[in-house]
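In case you want the letters, here they are:
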Amino acid sequence: MLRTTLRAWASGAFVMASLVVLCLGAWSPARAHATTTPAYSANGVAVIELHGFNSNANLGCNDTTTFGTIQSYLTSHGWTGSQASLGFYGQDHNCTAYLASENTHCASFYASKLGTTNEDVRHIACTLSWYIWDHYAQYGIAVKVIAHSLGGIVIRQALFDTPYMTQFPPYVIIEDVVTAGTPHQGLPDASAFFFCGSCSQVAQMEYNNPLMANLNSSTFRGGFGSNPQGNGGTDWTTMGSNNDIVLNYLGGSADRGMLNKATHKVKIQNPNYDHGGYLVDTNDNWDASATYSDTAGASWTNSTTFPHAIHVMDEAISSLYW
């Protein structure tokens, strides 16, 4: 992040996607990725936004409390790339596109109870990969992803399964992923009972669930789930807050939101965001308090002159140093 050299003049804007994804799949031999490496662009690249879990299976993707505020921020700060918010629940609305359009690609892959809170995260991840392939990757177009909560698990699972599962497209090209409030370390057992009366999507985020266990394994697929990569490489930024009820449930903390081998990790102390707070803070002052690492957790720095959440997202998708 190189706080002293980062561009306070940054004009690139950032979009945050909310969607926690837990995605596993039976193992199959890895398929070769394409060899083309995309040129990194700080602006003009499409941004995909993934929303998080909703117990009513009903979210407005572009509402002011989901991605509407982030989209306006990015546009007003000069981001010229397209922004696509994706819905995956049957009652989602006000979204740019809906992943149900890709269901035919994934009809043989955990395809049951579609559009509900019991739809398997692995199936959502499959449709996400195909959406990225159909609209971007097959044309050599790279994307960036902003994900909130469950959305972060979904994109992680999509990157985890794409090279291994024959039901997925050949590859995806994702330069950056930024997640906020995503429980990458997994939730305690029985969290699903507390959050949704034992629905599948929250259960799959519990750390002892096979899906989450495989994502965090140091041996399964060579530990690929700890830093899954798209074709040409993917730079991860993960962000959390100790006031986030999902991350601090049963004694947790912002650490629960950190991906093990993500290069960039941000634990914000002030503002002390609740679970949705990351999506609405447009403050451009560099006066937040945070502990951050740009070395995959090898070293940490405390700062009281840190950008606020949406500005962090902007930096993460537009700066080579984040």
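Rules and cut-offs
- Numbering of residues begins from 1 in every chain and follows the order in which that chain's sequence is written.
- The predicted origin of the model limits local features to residues at a pLDDT of at least 70 and limits the giving and counting of side-chain atom pairs to 80 or more, whereas totals for whole chains, interfaces and linings rest on all residues.
- Excluding hydrogens and water, the side-chain figures rest on all heavy atoms present in the structure.
- In this analysis an axis means a line fitted to C-alpha atoms, helices contributing only their contacting stretch, and an angle means the value between N-to-C directions, from 0 to 180 degrees.
- Working definition: helices are DSSP H or I runs of at least four residues, strands are E runs of at least two. Numbering for both runs from the N terminus.
- By definition in this entry, angles of less than 35 degrees are roughly parallel, angles greater than 145 are roughly antiparallel, angles of 65 to 115 are roughly perpendicular, and the rest are oblique.
- Contacts between residues were defined by any pair of non-hydrogen atoms, one from each residue, lying within 4.5 Å.
- Note on exposure labels: buried denotes an accessible area under 20% of the residue type's maximum, exposed denotes more than 50%, and partly exposed covers the range between, all computed with a 1.4 Å probe on protein chains only.
- Strands are labelled as partners when DSSP assigns at least two bridges between them.
- Note that a disulfide, as used here, is simply two cysteine sulfur atoms within 2.5 Å.
- Should the near helix be turned anticlockwise from the far one by less than a right angle, the crossing is left-handed, and should it be turned clockwise, the crossing is right-handed.
- Three classes are used, and their members are as follows: Ala, Val, Leu, Ile, Met, Phe, Trp, Tyr, Cys and Pro are nonpolar, Asp, Glu, Lys and Arg are charged, and the others, Gly among them, are polar.

Undergrad: Is there a simple way to explain the packing of helix α2 (residues 121–135) against helix α3 (residues 150–161) in this structure?
TA: The relative placement of two packed helices is expressed as an angle between their axes plus a distance between the axes. Contact geometry for α2 and α3: axes closest at 8 Å, N-to-C directions at 70 degrees. Relative to α3, the element α2 lies roughly perpendicular. From α2, V121, R122, I124, A125, L128, S129 and I132 reach across to α3, where they touch L150, I153, V154, I155, Q157, A158 and D161.

Undergrad: Would you mind showing me how to read the pairing of strand β1 (residues 46–50) here?
TA: Two faces belong to every sheet, and in a regular strand the side chains alternate between them. With five of five residues buried, β1 is to be regarded as a mostly interior element. Of the two faces of β1, both are covered, the one formed by A46, I48 and L50 as well as the one formed by V47 and E49. Relative to strand β4 (residues 143–148), β1 runs parallel, the two sharing five bridges. Bridge assignment links L50 to a residue of β4, and that residue is A147. Looking at chain direction, β1 and strand β2 (residues 83–87) are connected through four bridges and run parallel.

Undergrad: Help me out: how do you make sense of the state of the cysteines in this one?
TA: As used in these notes, a disulfide is a covalent bond between sulfur atoms, one from each of two cysteines. For the structure shown, the criterion picks out three disulfides. A sulfur-sulfur distance of 2.0 Å marks the disulfide that ties C61 to C95. Here the S-S torsion is close to 70 degrees, and the disulfide linking C61 with C95 is therefore right-handed. On the criterion of sequence distance, the pair formed by C61 in the loop between β1 and α1 (68–76) and C95 in the loop between β2 and β3 (97–98) is long-range, its members being 34 residues apart. Each sulfur in the disulfide pair C106 and C126 lies 2.1 Å from the other. Handedness of the C106-C126 disulfide follows from its S-S torsion of about -90 degrees: it is left-handed. Here the residue C106 occupies a position in the loop between β3 and α2, and C126 occupies one in helix α2, the gap between them amounting to 20 residues. You'll find C106 and C126 in the same group, each marked buried. Ordering the disulfide-forming cysteines of the protein by sequence position, one finds them joined as 1-2, 3-4, 5-6.

Undergrad: Help me understand the packing of α1 against helix α7 (residues 309–318) in this model?
TA: Running from amino to carboxyl end, α1 crosses α7 at an angle of 55 degrees, the nearest separation of the two axes being 11 Å. On the basis of the axis angle, α1 is oblique to α7. Crossing geometry of α1 relative to α7 is assigned as right-handed. Only I310, H311, M313 and D314 of α7 make contact with α1, whose side of the interface consists of T69, I70, Y73 and L74. Residue composition of the contact of α1 with α7, grouped by class: five nonpolar, two polar and one charged.

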